[in-house]
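Residue-level structure breakdown
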Amino acid sequence: MSQDVNSDLSRRGVLLGMGAGAAALALMPSVAHATREEANDAFAKLTGGAKPQAGKVTLKLPEIAENGNTVPFTVVVDNPMTEANYVKAIHVMAEGNPAPGVVSYFLQPTGKAEVYGRMRLAKTQDVRAVAVLSDGSAWEGKKEVKVTIGGCGG
Amino acid sequence: MPTPKVKFNETAAKGEILEIKTMIDHDMESGQRKDKDGKLIPRKIVNKFICTLNGKELFHAEMHGAVSANPATNFFITATESGTMEFKWFDDDGSVYAISRQLTVN
Amino acid sequence: MKTSLIALAALFVALAGSAAQADPPFDPKDPKMAPYISGDKRSGYTFAEPETRAMQDDEFLNPASLWVEKGEALWTKPDGKANRSCSSCHGKAEDNMKGVGSVYPKYDIHAGTVINLEQRINMCREKHMAATPWKYESEPLLAMTTFVKMQSRGMPVQVQIDGPAVSYFENGRRFYYERRGMNDLACKHCHEDNWGNHVRTELLSQGMTNGFPTYRLKWQKLGSLHRRLAGCNEEIRAEPYPLGSREYVDLELYLAWRAQGLQVETPSVRK
């Protein structure tokens, strides 16, 4: 089940002599995808060095993204939003994209710690979100998304 | 010319938690796509979004090329004071798209 | 002939077994789905993942609403040598465009042919506003078409196929059943015989048109039916026709008849 749907698709595309799937992939830039290490480094920069602990952060994403160009997501952080203790930032990252950074949200002690957005995913991968709290601690959640069609091509 | 769209409960009770929904039409050209001749299409995205109330920041977002076209950014605030909510989107090319709304808190 | 059979079998059989994708949850008895079904007909909505449906349902999540607002603004904006706006003659769109989009394409006595909504709007621009027609697939034409069509939201698609429309309808039907392209496939092979199956990794719907113009996640843009048709032609490596061409308008009429009874969903959101 954890197979890469995209490479699977291109293999089939070639096997079947069906141009469209392979052609769509050919349109993708020949940029290497980010590694987990790169993502970790990027996160470390954003969190000011704090090592993220697992917990508090829930990433809501479709099990199957119908198209990688537009994947809706919600990040919910289980934490108050008071002056004394609030979520200062939420960073969203897609490890399997050519560049891992998607978006960073910066919050104030107001409302609740929940944001909605839409992102591009180049292939099936883990999406990660790290929340940085006002006390400097960092928390992480992640979710695997299966991408039917990569977010590239016309 | 992009035209932003914003929606929230503009008359709210003090202490009420409001969802702020925003959207703007923009291609968000990621800088990673190639044109038909194989040349990289230069990046042109909205790289920043900010929401203020009476000049005080409530929320901001820093976006990268992986944000989908026509970005939607939804978040929550607590209704504490009446005033002018300002929403601004910053384009790579220097353009700023802005919209404002009155919030009335009883 | 033989190769096309092999291609077909490979397309649908080999891939139907793919574990990579499951059907989106769909319960025909779910009352929430009732507006999207009419007899045997199912809107593309019923084939979409829940997140995609949620995006369509909420005006403030549906990105197409950005174009609807542009259409609304254009409705009252004077243009052309006559310096008139749509509202100068048609008043409030909410009142006077209700039930208009749902009956297009239709035979127009002034044009002397079957035209679609885009062409009707452009006729008004040329004839009644002395303005240049909007280019097909341009932002203003998409925005206005969506704005007008949306006034029929919830009303059943209802096109006339008899009288002067007969020959156009027959042309459209012929197009639908004609094999074309290097894959030698007709629309029918995918949307009539194989809906519910996967072609490559894509779940096939019945190819209904009641949601157009549509916001496609893939395009990240609002687009017309004709753009979609060109895509479906290219998909099977057949030469697409120009957007707004006679061929596509006739096909659009046939497709509207296929979707007859389904409610107008414009602007829909599809993968």
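Chain B goes by Thiosulfate oxidation carrier complex protein SoxZ in an unreviewed UniProt entry, where it is assigned to Paramagnetospirillum kuznetsovii.

Identification of chain A as Thiosulfate oxidation carrier protein SoxY from Paramagnetospirillum kuznetsovii is taken from an unreviewed UniProt entry.

Bringing the overall build of chain A into the picture now. Check the secondary structure of chain A and you find three helices and nine strands. Helices (α) and strands (β) of chain A occur, in sequence order from the N terminus, as α-α-α-β-β-β-β-β-β-β-β-β. For chain A, buried positions account for 56% of its 154 residues. Across chain A, contacts joining residues at least 24 apart in sequence account for 66% of those joining residues at least 6 apart. A total of about 6,200 Å² of accessible surface is found on chain A, and carbon and sulfur atoms cover 54% of it.

Residues and elements named next belong to chain A. All chains considered together, the criterion is met by 26 salt bridges over all chains. Between Glu144 and Lys146 there is a salt bridge whose closest N-O contact spans 3.7 Å. For Lys146, a relative accessible area of 15% gives the class buried. Counted as one network, the salt bridges with shared partners bring together Glu95, Arg128 and Glu140.

This part is about the UniProt feature "domain: Sulphur oxidation protein SoxZ" (unreviewed entry) in chain B. The feature "domain: Sulphur oxidation protein SoxZ" (unreviewed entry), as annotated in UniProt, sits at residues 9–97 of chain B in this numbering. Summarising residues 9–97 of chain B: 0% helix, 48% strand, and an end-to-end C-alpha distance of 22 Å.

Before going further, it helps to examine the nonpolar core. Counting residues in each nonpolar core, the largest one holds 57 residues, and the members touching the most others are Val75, Ile90, Val92 and Tyr105 of chain A together with Phe59, Met85 and Phe87 of chain B. Apart from residues lying up to four places away in sequence, Tyr105 of chain A is in contact with Phe73, Lys88, Ala89, Ile90, Val92, Val115, Tyr116 and Gly117 of chain A together with Phe59, His60, Ala61 and Thr73 of chain B. Residues Ala165, Phe175, Tyr176 and Leu225 of chain C belong to the second largest nonpolar core, which totals 20 residues.

With 28 residues of chain B at the interface, the matching set in chain A holds 26 residues. On the chain B side of the interface with chain A, the three residues burying the most area are Gln32, Ala66 and Phe76 of chain B, jointly 26% of the side's total. At the junction of chain B and chain A, the tally comes to zero salt bridges. Remark: the boundary between chain B and chain A carries 14 residue pairs in polar contact (both at pLDDT 80 or more). Listing elements by their share of the side of chain B that touches chain A, those giving two or more residues are strand E3 (17–23), strand E5 (56–63) and strand E6 (72–78) of chain B. Split by residue class, the side of chain B that touches chain A holds 14 nonpolar, 10 polar and four charged. Here five bridges tie strand E6 (residues 101–107) of chain A to E5 of chain B, and the two strands are oriented antiparallel to one another. When the bridges of E5 of chain B are listed, Val103 of chain A appears paired with Met63 of chain B.

Another aspect to go through is the interface of chain C and chain B. When the parts of a complex come together, some accessible area is lost, and that lost area is often used as the size of the interface. Listed per partner, the contact involves 15 residues of chain C and 14 residues of chain B. Seen at the junction of chain C and chain B, the total is five salt bridges. A salt bridge links Lys70 of chain C to Asp25 of chain B, with the nearest nitrogen and oxygen atoms 2.8 Å apart. In this structure, the connection of chain C to chain B is made through 10 residue pairs in polar contact (both at pLDDT 80 or more). The biggest single contributor to the side of chain C that touches chain B is helix H3 (residues 65–75) of chain C, with five residues. Of the residues that constitute the side of chain C that touches chain B, the class distribution is six nonpolar, three polar and six charged.

Attention now moves to the environment of Ile64 of chain A. All names here are of chain A. When you line up the elements, Ile64 lands in strand E3 (residues 64–65). Using a relative accessible area of 13% as the deciding quantity, one classes Ile64 as buried. Taking the C-alpha atoms as reference points, Ile64 and Gly48, 16 residues apart in sequence, are found 33 Å from one another.

In this section: unusual backbone geometry. All names here are of chain C. In this chain, Tyr104 is followed by Pro105 through a cis amide linkage whose omega measures -5°. Phi is positive for Glu137, which is not a glycine, with a value near 75°. Looking at the element boundaries, Glu137 is found in the loop between helix H6 (117–129) and helix H7 (139–150). In this structure Glu137 comes out as partly exposed when scored by relative accessible area, which is 21%. Here Asp184, not a glycine, exhibits a phi torsion of approximately 55°, which is positive. Residue position: Asp184 is located in the loop between helix H8 (166–177) and helix H9 (187–191).

A word on helix H10 (residues 225–235) of chain C. Residue and element names in this part refer to chain C. Those residues of H10 not exposed but buried are Leu225, His226, Leu229, Ala230 and Asn233. All buried residues of H10 lie within an arc of 140° about the axis, which places them on one face of the element. In the core, the buried residues of H10 are packed alongside H8, strand E8 (221–223) and helix H11 (246–258). Capping the start of H10, Ser224 holds a side-chain oxygen 3.4 Å from the backbone nitrogen of His226, two or three residues further along. Looking one or two residues beyond H10, the residue adopting positive phi is Arg237, at roughly 55°.

What follows deals with the packing of aromatic side chains. Taken as a whole and judged by the stated rule, the model has 19 aromatic pairs over all chains. Where Tyr241 of chain C meets Tyr248 of chain C, the ring centres are 5.7 Å apart and the plane angle is 75°; that geometry is what we call edge-to-face. Looking at Tyr248 of chain C, the relative accessible area reads 0%, which means it is buried. Aromatic rings pair up to connect Tyr105 of chain A together with Phe49, Phe59, Phe75 and Trp89 of chain B into one cluster. Over the ring of Trp139 of chain A we find Lys56 of chain A, and its NZ or CZ is 5.3 Å from the ring centre. Lying across the ring of Phe76 of chain B, Lys112 of chain A places its NZ or CZ 4.4 Å from the centre.

With that settled, the discussion passes to the side chain of Asp25 of chain B. Structurally, the position occupied by Asp25 of chain B is in the loop between E3 and strand E4 (46–53). Residue classification places Asp25 of chain B among the buried positions, given a relative accessible area of 9%. Of the polar contacts made by the side chain of Asp25 of chain B, one reaches the backbone nitrogen of Thr3 of chain B; its length is 2.7 Å. Here Lys70 of chain C takes part through its side chain, which lies 2.8 Å from a polar atom of the side chain of Asp25 of chain B. Apart from the residues within four sequence positions on either side, Asp25 of chain B is in contact with Met1, Pro2, Thr3 and Asn70 of chain B together with Leu66, Lys70 and Glu139 of chain C.

Each value, and the rule that gives it
- Residues numbered from 1 in each chain as written.
- Chains lettered and ligands numbered in written order.
- Predicted model: local features only at pLDDT ≥ 70, side-chain atom pairs only at ≥ 80, totals over all residues.
- Heavy atoms only, no water.
- Helix = DSSP H or I, 4+ residues; strand = E, 2+ residues; numbered from the N terminus.
- Buried < 20%, exposed > 50% of the residue type's maximum accessible area, 1.4 Å probe, protein only.
- Contact = heavy atoms within 4.5 Å.
- Areas by Shrake-Rupley, 256 points an atom, 1.4 Å probe, with all protein chains shown as cover.
- Salt bridge = Lys/Arg side-chain N within 4 Å of Asp/Glu carboxyl O.
- UniProt positions renumbered as here; feature names shortened; annotations may be inferred.
- Core = buried A, V, L, I, M, F, W, Y, C linked by side-chain atoms within 4.5 Å.
- Buried area = accessible area lost by both parts, 1.4 Å probe.
- Polar contact = N/O pair within 3.5 Å; in protein donor to acceptor, adjacent residues only side chain to side chain.
- Nonpolar A, V, L, I, M, F, W, Y, C, P; charged D, E, K, R; others polar.
- Pairing = 2+ DSSP bridges.
- Arc of directions from axis to C-beta.
- Phe/Tyr/Trp six-rings, centres within 6.5 Å; stacked < 30°, edge-to-face > 60°.
- Lys NZ or Arg CZ within 6 Å of the ring centre and 35° of its normal.

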